There are 2 protein chains.
Amino acid sequence: MSQWMDTRELILEAVVRIIGTHGAAAVTNRRIAAEADVSPGTLTYHFATQRDLVRSALASFVADEALRFQEVTCQLAARNPDLAAEQTTLDDIVSSTGDSAAWFEFIIQVAHHPELHEATAGFFDTYDELAEQVLRAEGVADVENVAPIAVGLLIGSQLRRLATGGSVDDVSAVMSRLTQLLHGTAGI
Amino acid sequence: MSQWMDTRELILEAVVRIIGTHGAAAVTNRRIAAEADVSPGTLTYHFATQRDLVRSALASFVADEALRFQEVTCQLAARNPDLAAEQTTLDDIVSSTGDSAAWFEFIIQVAHHPELHEATAGFFDTYDELAEQVLRAEGVADVENVAPIAVGLLIGSQLRRLATGGSVDDVSAVMSRLTQLLHGTAGI
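Since the structure is predicted, the reported quantities are computational estimates derived from the model, not experimental observations.

Which residues make up the overall build of chain A, and what are the values?
Counting its regular elements, chain A contains nine helices and zero strands. Going from the N terminus to the C terminus, chain A shows its helices and strands as α-α-α-α-α-α-α-α-α. Here chain A holds 188 residues, and 49% of them are scored as buried. For chain A, long-range pairs separated by at least 24 residues make up 67% of all intrachain contacts whose partners lie at least 6 apart in sequence. As displayed, chain A has an accessible area near 8300 Å², and 52% of this comes from carbon and sulfur atoms.

Outline the pattern of salt bridges, listing residues and values.
Scanning the entire structure with this criterion turns up 14 salt bridges over all chains. The salt bridge partner of Asp128(B) is Arg160(A), with a shortest N-O separation of 2.7 Å. Here the residue Asp128(B) occupies a position in helix H7 (residues 117-137), and Arg160(A) occupies one in helix H8 (residues 143-164), the pair thus bridging two chains. Asp128(B) gets classed as buried once you look at its relative accessible area, which sits at 9%. Note on Arg160(A): relative accessible area 17%, which makes it buried.

Would you mind going over the interface of chain A and chain B in detail, with residue names and values included?
In this assembly, 42 residues from chain A lie in contact with 42 residues from chain B. Across the chain A to chain B interface the summed buried area is about 3700 Å²; carbon plus sulfur atoms make up 69%. Linking chain A with chain B are four salt bridges. Our count for the chain A to chain B interface comes out at 14 residue pairs in polar contact (both at pLDDT 80 or more). At 14 residues, H8(A) tops the list of elements feeding residues into the side of chain A that touches chain B.

Report on the packing of aromatic side chains, specifying residues and quantitative values.
A complete count under the given rule lists ten aromatic pairs over all chains for this structure. Note on Phe123(B) and Tyr127(B): the rings are 6.1 Å apart at their centroids and 35° apart in plane angle, and the pair reads as tilted. Of this pair, Phe123(B) and Tyr127(B) both sit in helix H7, four residues apart, which is roughly one turn of the helix. In this structure, Phe123(B) and Tyr127(B) share a single accessibility class: buried. Every member of this aromatic cluster is reached through a ring pair, and the members are Trp103(A), Phe104(A), Phe123(A), Phe124(A) and Tyr127(A).

How would you sum up helix H9 (residues 168-183) of chain A? Please name residues and give values.
All names here are of chain A. Here H9 contains 16 residues, and its C-alpha end-to-end distance of 23 Å stays within 8% of the 22 Å for a straight helix at 1.5 Å per residue. Of all the positions in H9, only Val171, Val174, Met175, Leu178, Thr179, Leu181 and Leu182 are classed as buried. The buried side chains of H9 occupy one side of the element, clustering within an arc of 160° when seen end-on.

Describe the UniProt feature "domain: HTH tetR-type" (unreviewed entry) in chain A, listing the residues and the values that go with them.
Taking the numbering used here, the UniProt-annotated feature "domain: HTH tetR-type" (unreviewed entry) corresponds to residues 5-65 of chain A. Counted over residues 5-65 of chain A, helix gives 80% and strand 0%. Its end C-alpha atoms are 21 Å apart.

Explain the UniProt feature "DNA-binding region" (unreviewed entry) in chain A to me, and be specific about the residues and the numbers.
Mapped onto this numbering, the UniProt entry annotates "DNA-binding region" (unreviewed entry) at residues 28-47 of chain A. End C-alpha atoms of residues 28-47 of chain A are separated by 13 Å, and the span's content is 75% helix alongside 0% strand.

Which residues make up helix H7 (residues 117-137) of chain A, and what values do they have?
With 21 residues, H7(A) should reach 30 Å at 1.5 Å per residue; the first-to-last C-alpha distance of 30 Å fits that figure. Note on H7(A): the residue one or two positions beyond its end, Gly139(A), has a positive phi of about 85°.

Could you give an account of the confidence of the model for chain A, with specific residues and numbers?
Per-residue pLDDT for chain A has a mean of 82; in total, 84% of the residues score no lower than 70. Reported confidence for the predicted complex is 0.82 by ipTM and 0.81 by pTM.

Describe the domain arrangement of chain A, listing the residues and the values that go with them.
All names here are of chain A. Domain boundaries in chain A define domain 1 (1-47) and domain 2 (58-183). When domain 1 packs against domain 2, the two sides together hide about 450 Å² of surface, and 79% of this comes from carbon and sulfur. Together, Val16, Ile19 and Ala24 form the three largest contributors to the area buried by domain 1 at its contact with domain 2, with a combined 71%. For the interface between domain 1 and domain 2, the tally reads zero salt bridges. The interface formed by domain 1 and domain 2 includes zero residue pairs in polar contact (both at pLDDT 80 or more). Considering only residue class, the side of domain 1 that touches domain 2 consists of three nonpolar, two polar and no charged.

Residues and numbers for the packing of H8(A) against H9(A), please.
All names here are of chain A. Two elements in contact, H8 and H9, have axes separated by 9 Å at closest approach and are oriented at 155°. Comparing their axes, H9 and H8 come out roughly antiparallel. Our pair here, H8 against H9, has a crossing hand that is right-handed. For the pair H8 and H9, contact is made by Val146, Ile149, Ala150, Leu153, Leu154, Ser157, Gln158 and Arg161 and by Val168, Val171, Val174, Met175, Leu178 and Leu182, respectively.

Can you tell me about the nonpolar core, naming the residues and giving the values?
Residues Phe123(A) and Phe123(B) are the most contacted members of the largest nonpolar core, which totals 114 residues. Dropping the residues within four chain positions of it, Phe123(B) is found in contact with Val62(B), Glu65(B), Ala66(B), Phe69(B), Trp103(B) and Ile107(B).

Hey, could you go over the relation of the copies chain A and chain B for me, with residue numbers and the actual values?
Superposing the two chain copies requires a rotation about an axis and a translation along that axis. For these two chains of identical sequence, chain A goes onto chain B by a turn of 180° and a shift of 0.0 Å along the axis, with RMSD 0.0 Å. Taken together, the rotation and translation relating the two chain copies correspond to the operation of a two-fold axis. A share of 100% of the interface residues of chain A reappears at the interface of chain B, consistent with the copies meeting face to face through the same patch.

Rules and cut-offs
Residues numbered from 1 in each chain as written. Chains lettered and ligands numbered in written order. Predicted model: local features only at pLDDT ≥ 70, side-chain atom pairs only at ≥ 80, totals over all residues. Heavy atoms only, no water. Helix = DSSP H or I, 4+ residues; strand = E, 2+ residues; numbered from the N terminus. Buried < 20%, exposed > 50% of the residue type's maximum accessible area, 1.4 Å probe, protein only. Contact = heavy atoms within 4.5 Å. Areas by Shrake-Rupley, 256 points an atom, 1.4 Å probe, with all protein chains shown as cover. Salt bridge = Lys/Arg side-chain N within 4 Å of Asp/Glu carboxyl O. Buried area = accessible area lost by both parts, 1.4 Å probe. Polar contact = N/O pair within 3.5 Å; in protein donor to acceptor, adjacent residues only side chain to side chain. Phe/Tyr/Trp six-rings, centres within 6.5 Å; stacked < 30°, edge-to-face > 60°. Expected span 1.5 Å × (residues − 1). Arc of directions from axis to C-beta. UniProt positions renumbered as here; feature names shortened; annotations may be inferred. pLDDT = per-residue confidence, 0-100. Domains from an automatic or database assignment. Nonpolar A, V, L, I, M, F, W, Y, C, P; charged D, E, K, R; others polar. Axes fitted to C-alpha atoms, helices over the stretch in contact; angles between N-to-C directions. Parallel < 35°, antiparallel > 145°, perpendicular 65-115°, else oblique. Left-handed = near helix turned anticlockwise from the far one by under 90°. Core = buried A, V, L, I, M, F, W, Y, C linked by side-chain atoms within 4.5 Å. Least-squares fit on C-alpha atoms with pLDDT ≥ 70 in both.

Here it is in structure tokens:
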């Protein structure tokens, strides 16, 4: 990797760290420069505007998330799915998606950048596919229609937990209720 | 209202407007002072720190939201609920909750302020009660357990829509699927 790319990466990682630790409200040029240990001039050399910089950091976050889900989906497809393994995977997903305010800070910042919507839609599609696999292995019918419900509920419940200081168990409980509901029906 | 309260209110409203229009990332003392048309000194006179100021703005947002839901819940309880009226109410709630990135900016900022978690939990409880009323009127069983699923799904789906540039119809579609699912089961 060239020195130019190294510095650019350092700066983007600094933005991701600042949003993750202090929230999007804390992103200032001065703080980015301090966190990445570069001069303010280096910042403006690599990124014309702060909007440019934040957009690049968000794009890299969305790409990383999509990759993460694609990997899990492929691993799941490659092995013989059994229910215990699916449950572990589901638990992992429940606890790692929207597990921090940072995840939501990123997702909601994306709303302000229409040029990132298509990539984010791709990320959510990957998420649906993963949910479909897990639900299919659990014997749920009509997974194509049910998957977006599971994904939406997980995200909404995590946000509620974060905003109210609830525990991850609250989220698991509501997801279990949905699963019970899905087993009690012939599909929709 | 005293002049002191007027100025304080003006400042808080300015913060709410800035978060609503430009996002939490755009909140700076300079911008608040300009938006509220007060001097920077007036800001620090009313609020010791920016964190203080943002917390007060968030508290006022949470209180307003709780009040909004309580009003709708009371109106609903007061009249003879019929399905068409419930549907209209449901549509209103679907389109007005999390209809803008601003709503999520507020909710996620609350996560950074543990002292606001209790009030926010109260707001979500009010939201559950409203969902219970709507679902009960629709003939859904076991509404106490189902309501948090409807609330979580609505919030998660709105966030997805905002981050991917989808339409409100996408959200209505996923909520309808949940309702169909609930009608196809004897409850959980």
